Amino acid sequence: MVGTGRAARPEITEGVLEHGMPYFAIGSGRPLVFLRWFSPDHANPRGRMLDSEVRVLRPLARSFRVYAVGRAPGMAQGITMAEIAAEHADALRAEFGEPVDVLGISSGGSVALQLAADHPEVVRRLVVASSGCRLDPVAKEGQMRYAEAVLHGRRAMHHLASSSVSSPAAARLAAAAMWLLDPLSRPRDPADTYAFLRAEDEFDITERLGEIQAPTLVIGGERDAAYSLATFRRTADGIPDSHLAIYPGAGHVSALRRTRFAIDVVNFLDQP
């Protein structure tokens, strides 16, 4: 979803955390755990998808050792976001042994909020970007149409267009391109993808935001098609120690490309 980076990739270390959660790490310094946005497979990215992630994470890797953590593969049908967050808590305790900074983007933000509410002892500071306390209706509908389509072996990517692009005309063009490219990005285990999207469809932590103890930064784009400004504000307002940054004119993905994104994250995480 994020534009491909053309610069040489930094040195990358790959590994597996508890529960079989894949990760790669770049940079040096204090650990920063990045919980990955939605991806068709629960595996480390390759090729253009890896370039996309590295492009977003490279500025952060100048200040932190960034661990890009994926979700455990082979999810059981009916798994909940609380159970997914519990797996993450186990993995972070075993790997780091102390609270760490967590950055959750898009679907990773759903996991990060659940993690911070259920397992406050593992999160030092929290950044939630292009995400919120629950999915808005457009994102819920598109994701579940995608999930049902992949589960039954049909073309599916075009169902995500309406929550990826804010302009209706651009969304129609994006849907056509996604329909054509769909065979290149189908999940290897459709049931795994379906299980996670069902969990996120039911995710709603609005009433528990007040339980999040970690200082939190919520970042959103003014023109995000997946999450409304009201959802960004509701998320930030519900967390006792929180800050909200809205990027004018930015969308769901383009907010992450703004120069100020990495600056805002680093400045927030480096506060005493």
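Please read all numbers here as calculations on a predicted model, not as lab measurements. (Residues numbered from 1 in each chain as written. Predicted model: local features only at pLDDT ≥ 70, side-chain atom pairs only at ≥ 80, totals over all residues. Heavy atoms only, no water.)

K.L.:
Just checking my understanding: could you explain the packing of helix α4 (residues 137-151) against helix α7 (residues 190-202) for this structure?
P.N.:
The relative placement of two packed helices is expressed as an angle between their axes plus a distance between the axes. Interaxial distance between α4 and α7 falls to 9 Å at its minimum, and their mutual angle equals 160 degrees. Considering the angle they form, α4 stands roughly antiparallel to α7. The crossing of α4 and α7 is left-handed. Contacts from Lys140, Gln143, Met144, Tyr146, Ala147, Glu148, Val150 and Leu151 in α4 reach Pro190, Ala191, Thr193, Tyr194, Leu197, Arg198, Glu200 and Asp201 in α7. Tallied by class, the residues present in the contact of α4 with α7 amount to 9 nonpolar, 2 polar and 5 charged. (Axes fitted to C-alpha atoms, helices over the stretch in contact; angles between N-to-C directions. Helix = DSSP H or I, 4+ residues; strand = E, 2+ residues; numbered from the N terminus. Parallel < 35°, antiparallel > 145°, perpendicular 65-115°, else oblique. Left-handed = near helix turned anticlockwise from the far one by under 90°. Contact = heavy atoms within 4.5 Å. Nonpolar A, V, L, I, M, F, W, Y, C, P; charged D, E, K, R; others polar.)

K.L.:
Help me understand a nonpolar patch on the surface in this model?
P.N.:
A grouping of Trp179, Leu180, Leu181 and Leu184 is seen on the molecular surface, where their side chains present a nonpolar patch of about 480 Å² in accessible area. Residue Leu181 is classed as partly exposed on the basis of its relative accessible area of 46%. (Patch = residues over 30% accessible without salt bridge, like charges linked within 9 Å, V, L, I, M, F, W, Y side chains within 5 Å. Areas by Shrake-Rupley, 256 points an atom, 1.4 Å probe, with all protein chains shown as cover. Salt bridge = Lys/Arg side-chain N within 4 Å of Asp/Glu carboxyl O. Buried < 20%, exposed > 50% of the residue type's maximum accessible area, 1.4 Å probe, protein only.)

K.L.:
Would you mind going over the environment of Ile239 with me for this structure?
P.N.:
Along the chain, Ile239 turns up in the loop between α8 (229-238) and β8 (242-247). The class for Ile239 is buried, based on a relative accessible area of 2%. Separated by 28 residues in sequence, Ile239 and Glu211 place their C-alpha atoms 7.4 Å apart. Excluding its chain neighbours within four sequence positions, the residues that come into contact with Ile239 are Leu113, Leu209, Ile212, Ala214 and Thr216.

K.L.:
Any chance you could explain the pairing of strand β4 (residues 64-69) here in plain terms?
P.N.:
Counting buried positions along β4 gives 5 out of 6 residues, so the element sits mostly inside the fold. Direction of pairing for strand β2 (residues 21-27) relative to β4: antiparallel, over a ladder of 5 bridges. Along β4, the bridge assignment pairs Ala25 with Tyr67. Pairing geometry for strand β3 (residues 30-35) and β4, over 6 bridges, is parallel. Note on β4: the bridge partner recorded for Val33 is Tyr67. On the question of chirality, the crossover connecting β3 to the parallel β4 by way of helix α1 (residues 47-57) is right-handed. (Pairing = 2+ DSSP bridges. Right-handed = clockwise from strand over helix to strand, strands pointing away.)

K.L.:
What is the right way to look at the pattern of salt bridges in this model?
P.N.:
Opposite charge on two side chains permits pairing when their charged atoms draw close. A complete count under the given rule lists 16 salt bridges for this structure. A salt bridge links Asp41 to Arg188; its shortest N-O distance comes to 3.8 Å. Of this pair, Asp41 sits in the loop between β3 and α1 while Arg188 sits in the loop between α6 (168-181) and α7, placing them 147 residues apart in sequence. What makes Asp41 buried here is its relative accessible area of 18%. Among the residues examined, Arg188 registers a relative accessible area of 67% and is labelled exposed. Between Arg124 and Asp101 there is a salt bridge, and its shortest N-O distance comes to 2.8 Å. Here the residue Arg124 occupies a position in strand β6 (residues 123-129), and Asp101 occupies one in strand β5 (residues 100-105), the gap between them amounting to 23 residues. Salt bridges sharing common partners tie together Arg30, Asp101, Arg124 and Asp270.

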